[in-house]
Amino acid sequence: MSWYSQRAAEILAGQQGQNWHHGYTPDLRQVTMTLIVSDMRTGEDAKKISNALGSLPGVISVNVVLERRWVVITYYLPQISLEIIGEHITKLGYHYIHKS
């Protein structure tokens with residue numbers, strides 16, 4: 001059984017409060033990601049994105065670098081994920097790329 005399958009089985013069995021095997025713990029982890037929002041061109045776009053993402057639960061900070069079209073976001077895993085953040089950007093009508 002993979003660690004993912006084991007984790008899913010433990011969650012379904014109601015064992016979320018324990019520390020998990022294979023180095024995973026359910027504790028909050030702070031993550032900082034840089035996203036490129038290719039169609040963010042104006043200060044109004046930057047403000048719209050910053051306000052929307054900043055209001056999401058689990059998001060610690062949102063910094064926008066308009067000249068580079070970057071959104072640097074710091075958040076807590078597993079409270080929120082990059083996929084959820086990306087969905088919100090897409091719902092606002094923008095496109096993003098995860099900068100590696």
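This text follows the structure it describes.
Bear in mind the structure is a predicted one, so any value in this text is a computation, not a measurement.

Conventions adopted
Residues numbered from 1 in each chain as written. Predicted model: local features only at pLDDT ≥ 70, side-chain atom pairs only at ≥ 80, totals over all residues. Heavy atoms only, no water. Patch = residues over 30% accessible without salt bridge, like charges linked within 9 Å, V, L, I, M, F, W, Y side chains within 5 Å. Areas by Shrake-Rupley, 256 points an atom, 1.4 Å probe, with all protein chains shown as cover. Salt bridge = Lys/Arg side-chain N within 4 Å of Asp/Glu carboxyl O. Helix = DSSP H or I, 4+ residues; strand = E, 2+ residues; numbered from the N terminus. Buried < 20%, exposed > 50% of the residue type's maximum accessible area, 1.4 Å probe, protein only. Expected span 1.5 Å × (residues − 1). Contact = heavy atoms within 4.5 Å. Phe/Tyr/Trp six-rings, centres within 6.5 Å; stacked < 30°, edge-to-face > 60°. Lys NZ or Arg CZ within 6 Å of the ring centre and 35° of its normal. Core = buried A, V, L, I, M, F, W, Y, C linked by side-chain atoms within 4.5 Å.

**Description of a nonpolar patch on the surface**
- Taken together, the side chains of Leu28, Ile60 and Tyr76 present a nonpolar region at the surface, about 260 Å² in accessible area.
- Tracing the backbone shows Leu28 in the loop between helix 1 (3-12) and strand 1 (29-37).

**What to know about unusual backbone geometry**
- Note the cis peptide between Leu77 and Pro78, where omega equals 0°.
- Mapped onto the elements, Pro78 comes out in the loop between strand 3 (70-77) and helix 3 (82-91).
- A positive phi angle, close to 65°, is found at Arg69, a residue other than glycine.
- Looking at where Arg69 falls in the secondary structure, it is placed in the loop between strand 2 (59-65) and strand 3.
- For Arg69, a relative accessible area of 32% gives the class partly exposed.

**Quick word on helix 2 (residues 43-54)**
- Its 12 residues give helix 2 an end-to-end C-alpha distance of 16 Å, which sits within 8% of 16 Å, the value for a rise of 1.5 Å per residue.
- On its buried side, helix 2 packs onto strand 1, strand 2, strand 3 and helix 3.

**A few points about the packing of aromatic side chains**
- Under the defined criterion, the tally for this structure stands at 0 aromatic pairs.
- Against the face of Trp70 rests Arg68, its NZ or CZ located 5.2 Å from the ring centre.

**Points about the nonpolar core**
- Ranked by size, the top nonpolar core spans 18 residues in total, and within it Ile49, Leu53, Val59, Val71, Ile73, Tyr75 and Ile85 carry the most contacts.
- When contributions to this core are tallied by element, the ones reaching two or more residues are strand 1, helix 2, strand 2, strand 3 and helix 3.
- Residues within four places of Ile49 in sequence aside, it is in contact with Val37, Met40, Val71, Leu92 and Tyr94.

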